[in-house]
Structure formats: C-alpha cells, structure tokens
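# Structural features, examined
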Amino acid sequence: MLIVILFGPPGSGKGTQADYIAKRYDLQHVSTGDMLRAEADRGTALGNEVAPIMAAGNLVPDDLIVRVIESRLGDVGGHRGILLDGFPRTVAQAAALDAMLERVGEHVDLLICLDVPEDKLTERLLGRAREEGRADDNLETIQNRLDVYQRDTAPVLDHYRANSYTAIEVIDGDAPILDVSGRIRDAVDRHYRDAA
Ligand code: AMP
C-alpha cells in the first residue's frame, strides 16, 4: 500500500492538490478537516464538540482525531493506498499513526510538504473566506491557525525526517495550481516510477 502525507500550512493548497494526486495515483483521499466539517454540518455529537474549536482555529484533541482516523484507515475502498490531508498535525498524532500502521506492517512512504511564504498564506486564506465563507477563514482565526501550525504542526516534519521509511519532498507551493501539481507529480514519480 502507498501511504502519502500531504503536509503544509493552512492555505498552502493541500485540499486542491490532494484531489489531483488522489485521482492520479488511485489513493483514498482522507481529509480530517473535511470529515470534521461534515460532522459539524450534520450536527452530530462529535460535530457539536469540535465546531467551536475549529471556528477558533485551534486543533481538536489528539485522542479524538486519532479515533476518527482509525475508523477510516481500516477501509481503503479498493484503492492502492491512502493520501492523508491535514493529518497528522502534531507529533503525538504522527506517533499514533506510525503505531497504527506498524500493527498492519505498513509505514508512511512519502511526505510532501507544500512550502508557501506566510504573507501569501494570509492573502490566500482571506480570498477563500470571500469565496467559500468558511467559518475559520477570518483574519484573527487565520493568524491563530498559522501560529498553531508553526508551534504544533511544523515539528511533524522533523519527526518524519528521523524516520528512515519516509521520503520527504519539500515543494515550492507559491506558483499557479497546475505548476504545483506538476512538481508534486514529479516528486511522487521519483519515488514510485511505476505508480502512475
Ligand atoms: P483543515 O481543513 O485541514 O484546515 O482543518 C480545519 C480545522 O479542523 C483545523 O483548524 C482544526 O480545528 C481541525 N482539524 C483538522 N485536522 C485536524 C487534526 N489532524 N488535528 C487536530 N485538528 C484538526
């Protein structure tokens, strides 16, 4: 199985690129943000618990997100692998993921990090706020999400740098969507020439 993490700060284009990569390499796209938003929209107990946390731009507790992801990883729906988008977001989540995968003899094969300068991220997220009206895309929450990324999420990169199973590709994400897609495709192909 091919297990890929799409990594990067909020606004770096993970969601957009994830759809493309998932299709091209026949991976199950697993977005924890999408899953949590769907729960919140349906007004489930879980959704009601996480909605205020998401609206403030904070991370939901590790144990909760690990339970959510565990229920999804068991079923890859006939795809040849999994593309994780928005998970893991803390070193504790990464360790939990590694342990889950190890139990079934798997590991994270590739981590693709989309690198975009912070002023561009803010600009993009404000643009998305106008277009999509996401509850957490406002200036105050955006700044908090970027701070949370630097503090809690960026260290996940070092966690995988220390993991000999996982290849790391840092991609310049400050370019038109199709150019970034091309760079990601080249990176995945470098590791999996037979994957496409
Ligand atoms: P995203 O769509 O990936 O930007 O996620 C939106 C929000 O969902 C985040 O700001 C968090 O509040 C929550 N969230 C998504 N994924 C995670 C995760 N792996 N750990 C904790 N919170 C998460």
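Conventions and cut-offs
Residues numbered from 1 in each chain as written. Predicted model: local features only at pLDDT ≥ 70, side-chain atom pairs only at ≥ 80, totals over all residues. Heavy atoms only, no water. Helix = DSSP H or I, 4+ residues; strand = E, 2+ residues; numbered from the N terminus. Buried < 20%, exposed > 50% of the residue type's maximum accessible area, 1.4 Å probe, protein only. Polar contact = N/O pair within 3.5 Å; in protein donor to acceptor, adjacent residues only side chain to side chain. Contact = heavy atoms within 4.5 Å. Near = heavy atom within 4 Å. Areas by Shrake-Rupley, 256 points an atom, 1.4 Å probe, with all protein chains shown as cover. Nonpolar A, V, L, I, M, F, W, Y, C, P; charged D, E, K, R; others polar. Salt bridge = Lys/Arg side-chain N within 4 Å of Asp/Glu carboxyl O. Expected span 1.5 Å × (residues − 1). Core = buried A, V, L, I, M, F, W, Y, C linked by side-chain atoms within 4.5 Å.

Before going further, it helps to examine the side chain of Thr 153. Inspection of the secondary structure assignment puts Thr 153 in helix α7 (residues 139-153). With relative accessibility at 4%, the residue Thr 153 sits in the buried group. Separated by 2.7 Å, the side chain of Thr 153 and the backbone oxygen of Arg 89 make a polar contact. Dropping the residues within four chain positions of it, Thr 153 is found in contact with Phe 7, Leu 59, Pro 88, Arg 89 and Val 148.

Taken together, 15 residues surround the ligand, and among them Thr 32, Arg 37, Asn 58, Gly 86 and Gln 93 come closest. In the model, a nitrogen atom of the ligand is placed 2.8 Å from a nitrogen or oxygen of the Thr 32 side chain. Between the ligand and the protein, one listed contact pairs a nitrogen atom with a backbone N or O atom of Val 60 at 3.1 Å. In isolation the ligand exposes 480 Å². Once the protein is present, 95% of that is buried. Among the elements that make up the shell around the ligand, the one with the highest residue count is helix α2 (residues 32-42) (four residues). Classifying every residue of the shell around the ligand by side-chain character gives six nonpolar, five polar and four charged.

Next up on the list: the pattern of salt bridges. According to the stated counting rule, one finds eight salt bridges in the structure shown. Residue Glu 70 pairs with Arg 103 through a salt bridge whose shortest N-O separation is 3.1 Å. One end of the pair, Glu 70, is in helix α4 (residues 62-73); the other, Arg 103, is in helix α5 (residues 91-103), and 33 residues separate them in sequence. Residue class for Glu 70 comes out partly exposed when judged on its relative accessible area of 37%. Where Arg 161 meets Asp 158, a salt bridge forms, and the shortest distance between an N and an O atom there is 3.8 Å.

So, on to helix α6 (residues 118-132). Taking 1.5 Å of rise per residue, 15 residues should cover 21 Å, and α6 covers 21 Å from first to last C-alpha, within 8% of that figure. Where α6 is concerned, the buried positions are Leu 121, Thr 122, Leu 125 and Gly 127. Of the surrounding secondary structure, the elements contacted by the buried residues of α6 are α7. Gly 133, located one to two residues past α6, shows a positive phi value of around 65°.

Within the largest apolar cluster, 30 residues are counted, with the highest numbers of intra-cluster contacts made by Ile 5, Phe 7, Leu 84, Leu 97 and Tyr 160. Elements supplying a minimum of two residues to this core: β1 (2-7), α2, α3 (45-55), α4, β3 (81-85), α5, β4 (110-115) and α8 (155-161). Here the element with the most residues in this core is α4; it accounts for six residues. In contact with Leu 84, other than residues within four places in its own chain, are Ile 3, Val 4, Ile 5, Leu 6, Val 30, Ile 69, Leu 73 and Leu 97. Judged by nonpolar contacts, the second largest core, of 20 residues, contains Leu 6, Leu 83, Leu 110 and Ala 167.

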